[in-house]
Amino acid sequence: MNRGFSPSLVRPNLPLRRPATGPGTVSPRHIAPPFHNIGTCLPQEQNLANGTLRCTRCKTTCYCSVACQTEDWKAHRLICKPYVPDNSTRVFLRDLRNNSISDGDELQGTVVQMRNPGKFFIHIQSKEMTETLRNITMELQKTYGSSHAVEYKPEIWEICAVRFSLDQNWYRGEMMSVDLDRQTAKALYIDFGNEEDVTFDRLRPLPANIDTAPPFALQCRVAGVTALMGAWSGECAIAVRHLVAGKNLTFTVVESRNSSTLLAVDAHLSALGKNLSTFLIDQGYAVKEHTPTKPRTEQDITALMTASFENFKRLSSGKNENTEAQPPEPLTQGVGDTFTAIVTHLQSPSEIICQKLENASIIQQLQMSLREHCAKTQSSEDFRPAPGTVCCSLFSEDKQWYRAKVLAYSSEDRVCVGYIDFGNSEEVTLNHLRPISVDLLVLATQAIPCNLAGVKPTSDTWSDEAVLMLKHLVCNRFIKVEILGQRDKMALVSLVDESSDPQINIAELLVTTGYAAVDNMETEEDAREGLAVDTQALNKLQWSCVELPIDGQKVVLVISVLETPGEFYCMHTLAELSSALMKHCKTARTSFSPVVGEPCCALYSGDARWYRAMVQSVEGTGKASVCFVDYGNSCEVEVGHLRAIHPSMLKHPFQAIRCWLAGVEPVGGQWSKEAVQRFRALCVGKQLNARVLSITERGYGVELECGDHSVAAMIISEQLAQPFGQETRAAVQTASASVASFALDWKTLALPCNETFQPQVAAVVSPSLFFVMNPRKVNVEALQAVMKDVAQYCSRGPQANQSTPPHGAACCAQFSGDKNWYRAIVLDTTSTHVSVVYADYGNTERVPLSSILPIPNELLQHPLQIARCALSGKECFPAMWPPEVLELFKIQLSSRVQASVESFDGVFNLLMLTQHTGQWGSNINTVILGAVQKSPIRAGIDVLAQVTQAPPQGQTQASSAATSSTDTGKTPLGLIGTALGQSE
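The following refers to the structure shown. All values reported here derive from a predicted model rather than from experimental measurement. (Residues numbered from 1 in each chain as written. Predicted model: local features only at pLDDT ≥ 70, side-chain atom pairs only at ≥ 80, totals over all residues. Heavy atoms only, no water.)

Topic: the overall build of the protein
Reasoning step 1: Tallying secondary structure elements over the protein gives 20 helices and 56 strands in all.
Reasoning step 2: Considering the protein as a whole, with its 984 residues, one finds that 48% of them fall into the buried category.
Reasoning step 3: About 47100 Å² of surface is accessible on the protein, with carbon and sulfur atoms providing 51% of the total. (Helix = DSSP H or I, 4+ residues; strand = E, 2+ residues; numbered from the N terminus. Buried < 20%, exposed > 50% of the residue type's maximum accessible area, 1.4 Å probe, protein only. Areas by Shrake-Rupley, 256 points an atom, 1.4 Å probe, with all protein chains shown as cover.)

Observations regarding unusual backbone geometry
Reasoning step 1: Despite not being glycine, Asn 476 has its phi angle at roughly 60°, a positive value.
Reasoning step 2: Checked against the element boundaries, Asn 476 lands in the loop between helix 7 (464-474) and strand 26 (479-487).
Reasoning step 3: Owing to a relative accessible area of 81%, Asn 476 belongs among the exposed residues under this scheme.

Overview of the sheet that holds strand 21 (residues 414-419)
Reasoning step 1: Read across the open sheet, the 5 strands follow the order 22-21-20-19-23; overall the sheet is antiparallel. Each having just a single partner strand, strand 22 (425-429) and strand 23 (433-434) make up the two edges of the open sheet.
Reasoning step 2: Together, strand 19 (390-394), strand 20 (401-409) and strand 23 form the strand contacts of helix 6 (residues 360-376), whose direction differs from that of strand 20 by roughly 75°. (Pairing = 2+ DSSP bridges. Contact = heavy atoms within 4.5 Å. Axes fitted to C-alpha atoms, helices over the stretch in contact; angles between N-to-C directions.)

Here's the deal with the sheet that holds strand 36 (residues 642-643)
Reasoning step 1: On the basis of which strands lie adjacent, the open sheet formed by 5 strands has the order 35-34-33-32-36 and antiparallel pairing. Pairing within the sheet leaves two strands with one partner each, and these edge strands are strand 35 (634-638) and strand 36.
Reasoning step 2: In this sheet, strand 35 lies alongside strand 34 (residues 623-628) in antiparallel orientation, the contact comprising 5 bridges. Among the inter-strand pairings, Ser 625 is bridged to a residue of strand 35, identified as Glu 636.

So, the packing of helix 3 (residues 234-244) against helix 7
Reasoning step 1: It is at 8 Å that the axes of helix 3 and helix 7 come closest, and there the two elements cross at 110°. Regarding the angle of helix 3 to helix 7, the classification is roughly perpendicular. Residue-level contacts link Gly 234, Glu 235, Ala 237, Ile 238 and Arg 241 of helix 3 to Asp 464, Glu 465 and Leu 468 of helix 7.
Reasoning step 2: Partitioning the contact of helix 3 with helix 7 into residue classes produces 3 nonpolar, 1 polar and 4 charged. (Parallel < 35°, antiparallel > 145°, perpendicular 65-115°, else oblique. Nonpolar A, V, L, I, M, F, W, Y, C, P; charged D, E, K, R; others polar.)

What to know about the pairing of strand 49 (residues 833-838)
Reasoning step 1: Along strand 49, 5 of the 6 residues are buried, which leaves the element largely enclosed by surrounding structure.
Reasoning step 2: As defined by bridge partners, strand 48 (residues 821-829) adjoins strand 49 across 5 bridges and the pair is classed as antiparallel. Looking across to strand 49, one finds that Thr 829 is bridged to Val 834.
Reasoning step 3: Following strand 48, the chain reverses through 3 residues before pairing antiparallel with strand 49.
Reasoning step 4: Relative to strand 50 (residues 844-848), strand 49 runs antiparallel, the two being bridged by 5 bridges. Within strand 50, the residue paired with Val 836 across the bridge is Glu 845.
Reasoning step 5: Turn length for the strand 49-strand 50 hairpin, with the two strands adjacent in sequence and antiparallel, is 5 residues, and the turn residue Gly 842 shows positive phi of about 95°.

Topic: the packing of helix 16 (residues 883-893) against helix 17 (residues 924-934)
Reasoning step 1: Across the interface, helix 16 lies against helix 17 with an axial gap of 10 Å and an inter-helix angle of 165°. One element, helix 16, and the other, helix 17, form an angle in the roughly antiparallel class. Every pair of crossing elements has a handedness; the one defined by helix 16 and helix 17 is right-handed. Along its contact with helix 16, which presents Val 885, Leu 888, Phe 889 and Gln 892, the element helix 17 presents Ile 924, Val 927, Ile 928, Ala 931 and Val 932.
Reasoning step 2: Here the contact of helix 16 with helix 17 is composed, by residue class, of 8 nonpolar, 1 polar and no charged. (Left-handed = near helix turned anticlockwise from the far one by under 90°.)

Brief notes about the pattern of salt bridges
Reasoning step 1: Under the definition given, this model contains 20 salt bridges.
Reasoning step 2: A salt bridge links Arg 90 to Glu 155, with the shortest nitrogen-to-oxygen separation between them at 3.4 Å. You can see Arg 90 sitting in the loop between helix 1 (66-76) and strand 3 (91-92) and its partner Glu 155 sitting in the loop between helix 2 (127-144) and strand 6 (158-163), a full 65 residues away along the chain.
Reasoning step 3: On the basis of relative accessibility, which here comes to 26%, the residue Arg 90 falls in the partly exposed class. (Salt bridge = Lys/Arg side-chain N within 4 Å of Asp/Glu carboxyl O.)

Structural notes on helix 17
Reasoning step 1: All of the buried residues along helix 17 are Ile 924, Asn 925, Ile 928, Ala 931 and Val 932. An end-on view of helix 17 places all buried positions within 130° of arc, on one side of the element.
Reasoning step 2: N-cap assignment for helix 17: the residue whose side-chain oxygen lies 2.9 Å from the backbone N of Asn 925 is Asn 923. (Arc of directions from axis to C-beta. Polar contact = N/O pair within 3.5 Å; in protein donor to acceptor, adjacent residues only side chain to side chain.)

Quick look at the environment of His 268
Reasoning step 1: Tracing the sequence through the fold places His 268 in strand 14 (residues 262-269).
Reasoning step 2: Under the relative-accessibility criterion, His 268 is labelled partly exposed at 44%.
Reasoning step 3: Distance in space between the C-alpha atoms of His 268 and Phe 279 is 9.8 Å, their sequence separation being 11 residues.
Reasoning step 4: The residues contacting His 268, other than those within four sequence positions of it, are Leu 249, Thr 250, Gly 273, Lys 274 and Asn 275.

Describing the nonpolar core
One broad trend across soluble globular proteins is that nonpolar side chains are buried collectively.
Reasoning step 1: One finds Phe 568, Leu 661, Tyr 700, Leu 704, Val 711, Ile 825 and Ile 866 to be the most contacted residues of the largest nonpolar core, which totals 76 residues.
Reasoning step 2: In this structure Leu 704 touches Phe 568, Leu 661, Phe 679, Cys 683, Leu 688, Asn 689, Ala 690, His 709, Ser 710 and Val 711, once residues within four positions along its chain are discounted.
Reasoning step 3: If you look at the next biggest cluster of nonpolar residues, it comprises 29 residues, including Leu 346, Val 467, Ala 491 and Tyr 515. (Core = buried A, V, L, I, M, F, W, Y, C linked by side-chain atoms within 4.5 Å.)

Some details on the packing of aromatic side chains
Reasoning step 1: Overall, the coordinates contain 21 aromatic pairs when judged by the stated rule.
Reasoning step 2: Pairing Phe 568 with Phe 679 gives two aromatic rings, centres 5.4 Å apart and planes at 55°, and the pair type is tilted. Here the residue Phe 568 occupies a position in strand 31 (residues 567-571), and Phe 679 occupies one in helix 12 (residues 673-683), the gap between them amounting to 111 residues. Each of the two residues, Phe 568 as well as Phe 679, counts as buried.
Reasoning step 3: Measuring from ring centre to ring centre gives 6.5 Å for Phe 815 and Tyr 822, while their planes differ by 75°; the resulting arrangement is edge-to-face. (Phe/Tyr/Trp six-rings, centres within 6.5 Å; stacked < 30°, edge-to-face > 60°.)

Focus: the side chain of Glu 465
Reasoning step 1: Summarising the element assignment, Glu 465 is placed in helix 7.
Reasoning step 2: Looking at Glu 465, the relative accessible area reads 8%, which means it is buried.
Reasoning step 3: For Glu 465, the residues in contact, after removing those within four places along its chain, are Arg 115, Gly 234, Ala 237, Ile 238, Arg 241 and Tyr 515.

Overview of the state of the cysteines
Reasoning step 1: A complete count under the given rule lists 0 disulfides for this structure.
Reasoning step 2: Free of any disulfide, Cys 585 has its nearest neighbouring cysteine sulfur in Cys 601, separated by 3.8 Å.
Reasoning step 3: Here Cys 585 falls in the buried class, since its relative accessible area comes to 3%. (Disulfide = S-S within 2.5 Å.)

The structure is reproduced here in structure tokens:
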């Protein structure tokens, strides 16, 4: 199982029965209406060629209305042939009209894609441009919106129609590269500036009737400057993005090249009172063009290698070449090894150097020995070590001696060396080198080259922003490293920051925040053994399930399978896997033996389509019982209708979420037919607002709202259900001491409203969930009585905890300082440990799982002295917080802060926080909201309104806030395409 799958959260594992509609009928999205309105039909006797509607099959015959087409179908069906586009003419950039832009022109526009100051794209603010762009996109939808999947082989630099992955609409794209073996191409959407890897079945030739307008996304660079160090840094790209993204600016064209396809521009920044080029120079990011810059040593090493050996041989006759000092053996690592490490050098996620923390004392002793050795060894003109040998080198930054391997000679007295225990390299003079003794070569090389597993760059190379984010996540921290395999002579690893709260999986965070794409986990051993999928490969499959937020926030869900209010399945937006599954299952020829508890592909008899499934049981009659994991229904299928599933099809989490309606129970012990029918009428086919109240073996206990009405309240008012525990409330209260759980719906303190106080922050998860101690006077006697009850309960030896508690749940925890038990709230969990905040004292601790017990209801009757809080304005918050915003929030809280409670919604105290520094104060709520908008995850969203001039219509918000905020932040195309809709 994937480590992201938490066994503590009880997963729905026993679906009930097949819905009559089959797995394929629930769709989280519906097609948005087109821009135009057809209006009333024309008279049927009018000439058909004058109609505004076309036959969707042949796309040639026009009609004025559906009735007109229906009447003509008897005759038209005899000549109607599927539309086949003309593939004879390919379109390239040279075939499009040129932009009428000249040097000195001033353009009013908006930056829609910012890579760095050397490459960004702008949209000119023009009604004509917007209208033409809409017409082109609508025409592409008409032509290919209902076409069957075919593979079109493009040529490099060809302009094609490309179906965008996020909204499945068609746009113009230029083929930047073409891979015929993998049947994929890299497409640049020329009207929006973003890029995407696409398969050939998402490409079509550009129709001849499409307007040959030039690209509407104008590629630009900042004029008059060049990067200081030869390449634009990540800090520079982020700073410029914050300055210009989504803002209306006036760009002055300094130089136009290649028929105006590349513009050198400058823009005046009114907020700073200077031009963009001046800002780059003043901040030290750039120098004026034609100013010579010093090249970086590491970039020159490859070029130096060619000439270095000749230089060495020519000048080393009769000198000490140090040939006996060969590099020591590297540290041996095995697959599955886990250790804590520190990152010593980092180039990209594919090039990471780390050291084992457990070897710190050994490395320190080595450094002392090197220092003593080099203090006794004088510099010698006869010492000229050969490339590939090891010596002692004086590092320029700290003036300390380290073991180094000679890489190349750049001149007669300068040499490039690589520090074998740390991974970095530099150029030094020969007098900074010393011979090394044999005993200093005994210790294995301490630098461990690593490649972060499961990720790949979103483009051809790793972006500066991705490298900068990785440095922020791993540098100067203790990182847990697990060896997963080997690739290109480097350890393929997973990295986890255990010091953060909660713990962070580095690869998952890079993918979630858009800095990396998901990569397959193929190692060198996998490549040798091939990719054949058999029973042995199935044992290595990894998958995960969709999880609902348990911090009290609401999400939007759709019910896919409904049995009773006590058992139903919900789903988020369904992953687009249908075509990939169909293609895989049709071509699969290897025999497959189903294994209980393992995923597979199953053919659903209701619609003869393939879906992801989980094997539940295997019968001796040649049949197997499977659960369709994206919908929640189950059925028996023949073993011959099962196929092995490829790991790439398990990247998307299983979408079915097992739920039950919290707060109600059936009248008389069983749900009546009327209650089920009413619940179905209220919920099925509608978007529901859901909030998780608890997690049990039945799945998520959720509170559902349809519109502004509580579903539970409605069926209770109609006497189809009763409040939970109504009939046996007295008995439950009597026996509550023996019923314990990890309660998520524990009652929090309501802090005093309209009063300003200085909060004592106990723990921070995010701006939408943090904990503050009670500012009022504590009833010490009552609290001591509760502590006695907790101690008595835990000392009776309740049943040991068998599962990991969910985040945010109340529990009993044993404090390591005095071995006493206290009430606590779970902050984070691993397979062996739990991080908690002690709910009546405010201190935090990481304790073993054995030191955690569920808490009975009666011990929660006295309010916890910790209050559940969130910043006011939660409705504007994302469900997934960018790491830099979380870090900013924690920094803000570490200073003098004043708080006031705006309201209490029954779950959260909604606070307004103000930071006071000197005589000035800043509103933390405003700072955090501003930081979210400026985050790279959100870049490009504000551009949408200026391009479409109208909000998207008819969108179904079937996914949670986390999904919607993340996807739409990648590119403006996601919403633009939905707004354009289907034109037929």
